[in-house]
Amino acid sequence: MNATDLSKPRPFRKLLKGVRTNIAFIAMLLPGLFVLLINNYIPMFGVVIAFKRYRFNKDFFTSIITSEWIGFKNFEFFFKTPQAYEVTRNTILYNLVFIVLGVVIPVMLAIALNELLNKKLSNFYQSIMFLPYFLSWIVVSYLAYSMLSIENGFINRSIINALGLESINWYSEPRYWPFILTFFQVWKYTGYNAVVYHAAISGIDSEYYEAAAIDGATKWQQTKFITIPLLQPVIIIMTLLAVGRIFNADFGLFFNVPKDSGALYSVTDVIDTYVFRALRNSNSVGMAAASGLYQAVVGCITVFTANFIVRKIDRDKALF
Amino acid sequence: MMSKILKKQGKLNQISATGNILLNVLFIVITIVCMAPVLLVLSISFSSEEAIRHGGYSFIPQELSLKAYDYVLKAGDAIWRAYGVSIFVTVVGTFLSLAIICMYAYPLSRSSFKAKGFFSFLAYFTMIFGGGLVPWIMVYTRLFKISNSIWILIFPYLMNAWFVMIMRTFYKTSVPESIIESARIDGAGEFRTFLVIVLPLSKAGLATIGLFCTLVYWNDWYLPLMFVTERKFFNIQYLMYQTLVSIQYLTSGSAQFSEAAVVLANLPTESARMAIAIISIGPIVLAYPFFRKYFVKGLTIGAVKG
């Protein structure tokens, strides 16, 4: 041991020792850390753009540093637009509906799947219901278009016209869209959620049900007093995690399915699509960054709150 | 007495025959709702343009035609290129991200690794907070300047904190610590233990995460939407997006587009577009049996340790 080694502060030596003993583990972590650094941590420094009048200058860091500080001006500008309220409202309301439907329908279906006498059929239904989950939102937007297209769409041509009514211009009539968007969200994710809950129900010990049946419990009673209580932890955790992400909308659904139609923005625009268009159309980088940061911060608070509650219920189920 | 009750409950606590029929009817309806839109697109892709103009989109082709697929096969250079981009990105992306995720998750599963909490948090934190869309885009376009390249379609999805968590749980449940310990006693290094003992025991986990990654890459349209403007880097999903946008743009166009509209009129545009959608779903349908098997496994673990 030489003098320089000894002069190093203790925590640093401890760290060095830790690295040396775990060198193999550190090497395994490195590629992932590299991706996290570039994809997630460097962009976090970019949040300062929200407080600046952004001007591009030479490169990424120089532009951020040399752009002028303007405090909360970008936020002021964003919150003064009528869209600020609209997109926030849309994001939260849609997510609330999706959370409720994403629990109620799949749990009922999962219980029903479990009761079917023919297990092969049950398996078959699950396979079909699960399929929409594997299709991209672009494909879903094609499916929606084949139903809703003004000239050729199935609903206009084969149902509405056949009844002798005027075609509906679906892509410019906002009032239908809360239902259309909800339908496709439910269509895409119900099977997925049902399969998850079904797997959880299959894990319940069949002795509970046998004992209950011997005591004369009906199917309804068994569901109410065995299945639901035993599913409850999974339901609560899944719901709370979804509530934590209530500020983050599914960009694919809200951008692709309405085909980014301007006439529908009042009911289809969510924070994510708003930020995207602010960045693309008006080139108002500062405001886009401000609205993005607003989403990130509020979203972070909701996740922490949800996680805090999950932790209270069951430590092991918490995200962190 | 007991046997009487059991009899009333049905054999082995089963629902009644009527109940079973009702449930089956319910599920048949749901099955139809799930499949109908897909079948509609399939039917359109096999319809002739004439029939579509005449009767609109319908579930049974009024006049069967393979023109759309013929067009896609012969004239669809852009389509095949985009298909190639999708295949390349999916294969390379899945391989790389699987390797990175598996390596990142392994130390986090080892109780002897003291810093696992810190590195877990580094990954999880990205699920909680991000810099937002604007700086994220700038990092790739201004700092690393890899927009309009094949790598922008791969790099951003290489790490996924959620998959890391699932993989870590897989290691913990399928690889007993005692086996790792005995390998250490026999003098195997951490890398050797990982490659020779841990990975072969985690095959189901690898398959699950691999399929998750495949799906992420194959179905991606977000990255090209954000970063790609050059046609040669369009993947199949983004090409579909462009086709839906631009054919609509041409047909709704005013007189100045009439020339283009005439050219388009000769192409089986309506059915060709749907044919591309069907072709893009193809690989997923083929891989579907694997997807189902391993997805459920992964989802159960993911839901159990959320």
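The structure displayed is predicted, hence computed values, not measured ones.

Digging into the overall build of chain A
Looking only at helices and strands, chain A has 16 helices and two strands in total. Here chain A has a C-alpha radius of gyration of 26 Å; the compact-globule value for 320 residues is 20 Å, and the former is much larger. Taken along its principal axes, the extent of the C-alpha atoms in chain A is 80 × 60 × 30 Å. Relative to its 320 residues, chain A shows a buried fraction of 41%. Excluding contacts between residues fewer than 6 apart, the proportion of contacts in chain A whose partners are at least 24 apart in sequence is 66%.

A closer look at the overall build of chain B
When its secondary structure is counted, chain B shows 15 helices and zero strands. When each of the 306 residues of chain B is scored for burial, the buried share is 41%. Nonlocal contacts in chain B, meaning residues at least 24 apart in sequence, comprise 71% of its contacts between residues at least 6 apart.

Brief notes about unusual backbone geometry
The phi torsion of most residues other than glycine is negative, and most of the peptide bonds are trans. We note that Lys-259 of chain A has phi near 50°; this positive angle belongs to a residue other than glycine. Within the secondary structure, Lys-259 of chain A is located in the loop between helix 13 (251-256) and helix 14 (265-268).

Structural notes on the interface of chain B and chain A
Quoted interface sizes are often the accessible area lost when the parts come together. Taken together, the 78 residues of chain B in the interface contact 81 residues of chain A. Of the residues forming the side of chain B that touches chain A, the biggest block, 14 residues, is contributed by helix 2 (residues 17-45) of chain B. By residue class, the composition of the side of chain B that touches chain A is 54 nonpolar, 19 polar and five charged.

Here we look at the domain arrangement of chain A
Residue and element names in this part refer to chain A. Domain parsing of chain A yields domain 1 (3-69) and domain 2 (78-317). Centre-to-centre separation of domain 1 and domain 2, based on C-alpha positions: 37 Å. Each partner contributes to the interface: domain 1 provides six residues, whereas domain 2 provides five residues.

Let's talk about the packing of helix 5 (residues 77-109) of chain B against helix 8 (residues 161-174) of chain B
Residues and elements named next belong to chain B. Interhelical geometry of helix 5 versus helix 8 gives an angle of 55° and a closest axis separation of 8 Å. By the angle class used here, helix 5 and helix 8 are oblique. For the pair helix 5 and helix 8, the sense of crossing is right-handed. Along its contact with helix 5, which presents Ile-101, Cys-102, Tyr-104, Ala-105, Tyr-106, Leu-108 and Ser-109, the element helix 8 presents Phe-163, Val-164, Met-167, Arg-168, Tyr-171 and Lys-172.

A few points about the nonpolar core
Soluble globular proteins: nonpolar side chains tend toward being buried together. Residue and element names in this part refer to chain B. If you look at the biggest cluster of nonpolar residues, it comprises 166 residues, and the most contacted ones within it are Ile-101 and Met-167. In terms of residue count, the dominant contributor to this core is helix 5 (14 residues). Aside from chain neighbours lying at most four places away, what touches Met-167 is Ile-101, Cys-102, Ala-105, Gly-205 and Ile-209.

Looking at the environment of Phe-98 of chain A
You can see Phe-98 of chain A is positioned in helix 6 (residues 82-115). A count of 20 C-beta atoms within 10 Å places Phe-98 of chain A in the buried class.

Examining the domain arrangement of chain B
All names here are of chain B. Per the domain assignment, the segments making up chain B are domain 1 (1-69) and domain 2 (76-306). Each side of the interface is counted separately: domain 1 has eleven residues, and domain 2 has eight residues. Broken down by element, the side of domain 1 that touches domain 2 gets its largest block of residues, four residues, from helix 2. Of the residues that constitute the side of domain 1 that touches domain 2, the class distribution is six nonpolar, three polar and two charged.

Focus on helix 2 (residues 10-21) of chain A
Structural remark: α-helix, 3.6 residues per turn; residues separated by three or four positions point the same way. Its twelve residues place the ends of helix 2 of chain A 17 Å apart at the C-alpha level, agreeing with the 16 Å of an ideal helix rising 1.5 Å per residue. Little of helix 2 of chain A is tucked away, with zero of its twelve residues classed as buried.

As for the confidence of the model for chain A
On average, residues of chain A score 89 in pLDDT, and 95% of them are at 70 or above. Helix 1 (residues 3-7) of chain A is the least confidently modelled element of chain A, averaging 53 in pLDDT, while helix 13 of chain A averages 96, the highest of any element.

Some thoughts on the confidence of the model for chain B
Parts of the model with low pLDDT should not have their predicted coordinates read in detail. Residues and elements named next belong to chain B. Here chain B averages 84 in pLDDT, and 86% of its residues register 70 or above. Within chain B, no element has a lower average pLDDT than helix 1 (residues 2-9), which sits at 50, and none a higher one than helix 12 (residues 222-227), at 95. Between residues 248-259, whose pLDDT stays under 50, and residues either more than four places distant or in other chains, the model counts six contacts. For this predicted complex, the interface confidence score (ipTM) comes to 0.88, while the overall pTM stands at 0.88.

Remarks on the environment of Phe-46 of chain B
Residue and element names in this part refer to chain B. Residue position: Phe-46 is located in the loop between helix 2 and helix 3 (49-55). On the neighbour-count criterion, Phe-46 (20 C-beta atoms within 10 Å) is buried. C-alpha separation for the pair Phe-46 and Tyr-104, spaced 58 residues apart in sequence, amounts to 47 Å. Not counting chain neighbours up to four residues away, the residues in contact with Phe-46 comprise Pro-61, Leu-64 and Ser-65.

Some details on the environment of Pro-31 of chain A
Along the chain, Pro-31 of chain A turns up in helix 3 (residues 23-45). Its 18 C-beta neighbours within 10 Å are what place Pro-31 of chain A among the partly exposed residues. The residues contacting Pro-31 of chain A, other than those within four sequence positions of it, are Ile-100 and Met-103 of chain B.

About the cut-offs
Residues numbered from 1 in each chain as written. Chains lettered and ligands numbered in written order. Predicted model: local features only at pLDDT ≥ 70, side-chain atom pairs only at ≥ 80, totals over all residues. Helix = DSSP H or I, 4+ residues; strand = E, 2+ residues; numbered from the N terminus. Rg over C-alpha atoms; globule rule 2.2 N^0.38 Å. Buried ≥ 20, exposed ≤ 12 C-beta atoms within 10 Å, placed from the backbone. Contact = placed C-beta atoms within 7 Å. Nonpolar A, V, L, I, M, F, W, Y, C, P; charged D, E, K, R; others polar. Domains from an automatic or database assignment. Axes fitted to C-alpha atoms, helices over the stretch in contact; angles between N-to-C directions. Parallel < 35°, antiparallel > 145°, perpendicular 65-115°, else oblique. Left-handed = near helix turned anticlockwise from the far one by under 90°. Core = buried A, V, L, I, M, F, W, Y, C linked by C-beta atoms within 7 Å. Expected span 1.5 Å × (residues − 1). pLDDT = per-residue confidence, 0-100.

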